[in-house]
Number of protein chains: 2
Amino acid sequence: MASDSLPEKKRISESTIHRLSLYYRALTVLEKEGFETVSSKGLAKREKLTPAQVRKDLSFFGSFGTRGLGYPVVELRDKISQILGIDRSWRVALVGIGNIGSALVSYKEFQKQGFQIVKLFDNDQRKIGSNHKGIVVSDIKNLANELEPDNIEMVVLAVPATVAQYIVDDIVKAGIKAILNFAPVNLKVPDDVFLRNENMSMELEYLSFALVNDHIPKRVR
Amino acid sequence: MASDSLPEKKRISESTIHRLSLYYRALTVLEKEGFETVSSKGLAKREKLTPAQVRKDLSFFGSFGTRGLGYPVVELRDKISQILGIDRSWRVALVGIGNIGSALVSYKEFQKQGFQIVKLFDNDQRKIGSNHKGIVVSDIKNLANELEPDNIEMVVLAVPATVAQYIVDDIVKAGIKAILNFAPVNLKVPDDVFLRNENMSMELEYLSFALVNDHIPKRVR
DNA sequence: ATTTTCTTGTGAAGCATTTCACATATTTGA
DNA sequence: TCAAATATGTGAAATGCTTCACAAGAAAAT
Ligand SMILES: NC(=O)c1ccc[n+]([C@@H]2O[C@H](COP(=O)([O-])OP(=O)(O)OC[C@H]3O[C@@H](n4cnc5c(N)ncnc54)[C@H](O)[C@@H]3O)[C@@H](O)[C@H]2O)c1
Ligand SMILES: NC(=O)c1ccc[n+]([C@@H]2O[C@H](COP(=O)([O-])OP(=O)(O)OC[C@H]3O[C@@H](n4cnc5c(N)ncnc54)[C@H](O)[C@@H]3O)[C@@H](O)[C@H]2O)c1
């Protein structure tokens, strides 16, 4: 036959990616605690997962363990950080320097993890020009000029829900491909833009449901 | 036979519960826009889901639609709010009045949605006694006395990761059954306590992974 | 009244994810 | 050196979740 289907890129589930974050965090702690190796069982226990789940997740990306011994803590952590792309730093812009936005700018852990907030935007005249942790707030009007994908790789959106779609449209136009949105609204973006939503109300509603229905879900994430 | 297995309580998946939140939000918007009914197709489109998914989710809880017509917007919204348990208000305590904690207290939407923050705790002498939106910050030392499950039904935890487990132990001891945690740490709680984590780093790491791997997950939540 | 159109509700099929179970590799202890 | 213990990596089975597809009910059109 002339054309077999192209070797399709292996697709990883969202859950696996989230668990990689958990493993990464656990391994960081294990290193601090002085462990040199850890078994899938040990790792699983820390994150309330099964050993098989841990092994399967890691197996999507390679073989990192030693039979009879387990995984080398530091090596595995470094490997996961490569997989997640957090073995480098990311330049992040933050739009909306309100309650949540200010909390995010002040949060030093992001910086340490390599998510560097390097640009701030707002439309409030009292905020524009002001200084937050060494960064001067730019006027949102200049977003198109000042948001270069060469420079900024991710945008965190912390503006009111009512304006979020307009702003996201501009962000997309500027060529940004990754957005973390805090506004409780379903934003429309093209297929090649990665959008994640942080929806706190949803988690409170989940708790409400759980209390009212005394609910244990089939599968806990 | 003497004993058939008890009619097991229908377990609903986490995804379905989260989608109920989305439907609720969409229906609120639809009502404002003046729609009296909406089809599963219409609802699906707004939330980037399939009509079958919408119908299946709702079918777990009953039959709310009319064939040939769709679902009555207001009625369905009210029904979902009953299912989620948000047709009432919840009394919430917030522990840790720092960057995130302050943002949450100032957020009026929670109040509107029925999540009433009615008690604040911190261990910082400069914060204890101070007033946030009409609530005086209590000393964390008094948590055991002042956190009565009769009065407080949920706790939001916004303290440093290093102390989160100690505090959560006290919260559990006080009899609280629902906790929303912002600290990036895997907290241990008994099986009858519902715990949800809000982990922003995880979402940034997801975006990082997506950019590095040009990744579209198998299933988008 | 009757037909056509629309749309729900739901088993069943299809697909994704988790768990099982074991061959295999390595370490540990005797 | 060898046996026992440990623990990975992975097909296959089991479980869970989503989508299909269609019968059936209701509305709209004729
Ligand atoms: N505060 C919370 O605890 C919380 C919780 C959950 C969700 N959220 C959501 O996060 C978002 C931000 O919430 P917040 O409490 O920080 O609100 P906020 O009002 O304190 O901050 C919003 C900021 O966006 C700016 N802004 C408004 N319009 C803008 C525009 N067109 N361009 C640029 N900047 C603009 C405002 O000047 C302000 O600084 C909202 O969508 C809110 O629903 C907040
Ligand atoms: N700020 C952010 O944007 C952000 C983002 C993601 C996660 N988080 C997490 O949320 C949590 C809070 O972050 P933050 O930035 O608001 O930190 P913060 O230091 O500003 O606030 C923490 C608050 O907890 C109080 N606290 C400390 N120990 C306490 C104790 N034993 N009992 C009671 N209160 C105590 C402090 O006094 C302070 O008010 C942290 O776990 C952090 O990792 C924060």
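Everything numeric in this text was worked out from a predicted model, so none of it was measured. (Residues numbered from 1 in each chain as written. Chains lettered and ligands numbered in written order. Predicted model: local features only at pLDDT ≥ 70, side-chain atom pairs only at ≥ 80, totals over all residues. Heavy atoms only, no water.)

Colleague: Explain helix α9 (residues 200-213) of chain B residue by residue, including any values.
Modeller: All names here are of chain B. Helix length check: α9 (14 residues) gives 20 Å between terminal C-alpha atoms against 20 Å at 1.5 Å per residue, within 8%. Summarising burial for α9: 11 of the 14 residues are buried, a large majority. Among all positions of α9, only Met200, Ser201, Met202, Glu203, Leu204, Glu205, Tyr206, Leu207, Ser208, Phe209 and Ala210 are buried. Between a side-chain oxygen at the N-terminus of α9 and the backbone nitrogen of Ser201 the separation is 3.3 Å; the capping residue is Asn199. Looking at the residues trailing α9, positive phi occurs at Asp214, about 45 degrees. (Helix = DSSP H or I, 4+ residues; strand = E, 2+ residues; numbered from the N terminus. Expected span 1.5 Å × (residues − 1). Buried < 20%, exposed > 50% of the residue type's maximum accessible area, 1.4 Å probe, protein only. Polar contact = N/O pair within 3.5 Å; in protein donor to acceptor, adjacent residues only side chain to side chain.)

Colleague: Describe in detail the packing of aromatic side chains, supporting the description with residues and values.
Modeller: Within this structure, the stated rule accounts for four aromatic pairs over all chains. When the ring of Tyr107 of chain A is compared with that of Phe110 of chain A, the centres are 4.7 Å apart and the planes differ by 85 degrees; the resulting orientation is edge-to-face. The class of Tyr107 of chain A is partly exposed, set by a relative accessible area of 30%. Over the face of the ring belonging to Tyr206 of chain B we find Arg196 of chain A, whose NZ or CZ atom lies 3.8 Å from the ring centre. (Phe/Tyr/Trp six-rings, centres within 6.5 Å; stacked < 30°, edge-to-face > 60°. Lys NZ or Arg CZ within 6 Å of the ring centre and 35° of its normal.)

Colleague: If you had to explain the side chain of Asp122 of chain A to someone new, which residues and values would you point to?
Modeller: All names here are of chain A. Along the chain, the position of Asp122 falls in strand β4 (residues 115-122). No salt bridge is formed by the buried Asp122, whose closest oppositely charged neighbour, Lys127, lies at an N-O distance of 4.4 Å. A distance of 2.7 Å separates a polar atom in the side chain of Asp122 from the backbone nitrogen of Ile97. (Lys, Arg positive; Asp, Glu negative; His and termini not counted. Salt bridge = Lys/Arg side-chain N within 4 Å of Asp/Glu carboxyl O.)

Colleague: Which residues make up the environment of Tyr23 of chain B, and what values go with them?
Modeller: All names here are of chain B. Topologically, Tyr23 is positioned in helix α1 (residues 14-32). With a relative accessible area of 0%, Tyr23 lands in the buried category. Taking C-alpha positions, Tyr23 is 26 Å from Val193, a pair spaced 170 residues apart along the chain. Those residues in contact with Tyr23, other than ones at most four positions away along the chain, are Leu43, Leu49, Gln53, Val54, Asp57, Leu58 and Ile80. (Contact = heavy atoms within 4.5 Å.)

Colleague: Account for the sheet that holds strand β9 (residues 194-197) of chain B, with residues named and values stated.
Modeller: Sheet architecture is open: seven strands sit in the order β5-β6-β4-β3-β7-β8-β9 (chain B), paired in mixed fashion. The sheet is open, and its two borders are formed by β5 (131-132) and β9 of chain B, each paired with just one other strand. Relative to strand β6 (residues 135-139) of chain B, strand β4 (residues 115-122) of chain B is paired through three bridges, and the arrangement is parallel. When the bridges of β6 of chain B are listed, Asp122 of chain B appears paired with Asp139 of chain B. Along the sheet, helix α9 (residues 200-213) of chain A contacts β3 (90-95), β4, β7 (154-157), β8 (178-181) and β9 of chain B; its crossing angle with β9 of chain B, the most-contacted strand, is approximately 170 degrees. (Pairing = 2+ DSSP bridges. Axes fitted to C-alpha atoms, helices over the stretch in contact; angles between N-to-C directions.)

Colleague: Give me the pairing of strand β3 (residues 90-95) of chain A: which residues, what numbers.
Modeller: Residue and element names in this part refer to chain A. In terms of residue burial, β3 counts as a mostly covered element, since five of its six residues are buried. Pairing geometry for β3 and β4, over six bridges, is parallel. The partner of Val95 across the bridge, within β4, is Phe121. Note: β3 against strand β7 (residues 154-157), four bridges, orientation parallel. Considered in β7, the bridge of Ala93 is made with Val155.

Colleague: How would you summarise the protein's contact with DNA strand C if you had to cite specific residues and measurements?
Modeller: Around DNA strand C, 28 residues are found, and the nearest of them are Ser13, Arg19 and Arg67 of chain A together with Ser40 and Arg55 of chain B. Separating a phosphate oxygen of DNA strand C from a side-chain N or O atom of Thr50 of chain A is a distance of 3.1 Å. Of the residues forming the surface near DNA strand C, the biggest block, four residues, is contributed by helix α3 (residues 51-59) of chain A. Grouping the constituent residues of the surface near DNA strand C by class yields four nonpolar, 14 polar and 10 charged. (Near = heavy atom within 4 Å. Nonpolar A, V, L, I, M, F, W, Y, C, P; charged D, E, K, R; others polar.)

Colleague: So, the interface of chain A and chain B: which residues are in play, and what are the values?
Modeller: The interface is formed by 69 residues belonging to chain A together with 69 residues belonging to chain B. In this structure, the salt-bridge partner of Arg196 of chain A is Glu203 of chain B, at a minimum N-O distance of 2.6 Å. Where chain A packs against chain B, one counts 28 residue pairs in polar contact (both at pLDDT 80 or more). For the side of chain A that touches chain B, the elements supplying multiple residues, two or more each, are α1 (14-32), α2 (40-46), α4 (73-84), α5 (99-106), β7, β8 (178-181), β9 (194-197) and α9 of chain A. Residue contributions to the side of chain A that touches chain B peak at 14 residues, all from α9 of chain A. Among the residues making up the side of chain A that touches chain B, the classes are represented as 37 nonpolar, 13 polar and 19 charged.

Colleague: Give me the lowdown on unusual backbone geometry, citing residues and values where you can.
Modeller: Glycine aside, the phi torsion of most residues is negative, and most peptide linkages are trans. One non-glycine residue, Lys133 of chain A, lies in positive phi territory at about 50 degrees. As for its placement among the helices and strands, Lys133 of chain A is situated in the loop between β5 (131-132) and β6 (135-139).

Colleague: So, the pairing of β7 of chain A: which residues are in play, and what are the values?
Modeller: Residues and elements named next belong to chain A. The two faces of β7 match: Met154 and Val156 on one face and Val155 and Leu157 on the other face are all buried. Two strands pair when backbone bridges link them, and β7 and β8 are joined in this way by three bridges, in the parallel orientation. By the bridge assignment, Val155 is partnered in β8 with Ile179. Handedness of the crossover is the feature at issue here: the chain leaves β7, passes through helix α8 (residues 161-173), returns alongside β8, and the resulting connection is right-handed. (Right-handed = clockwise from strand over helix to strand, strands pointing away.)

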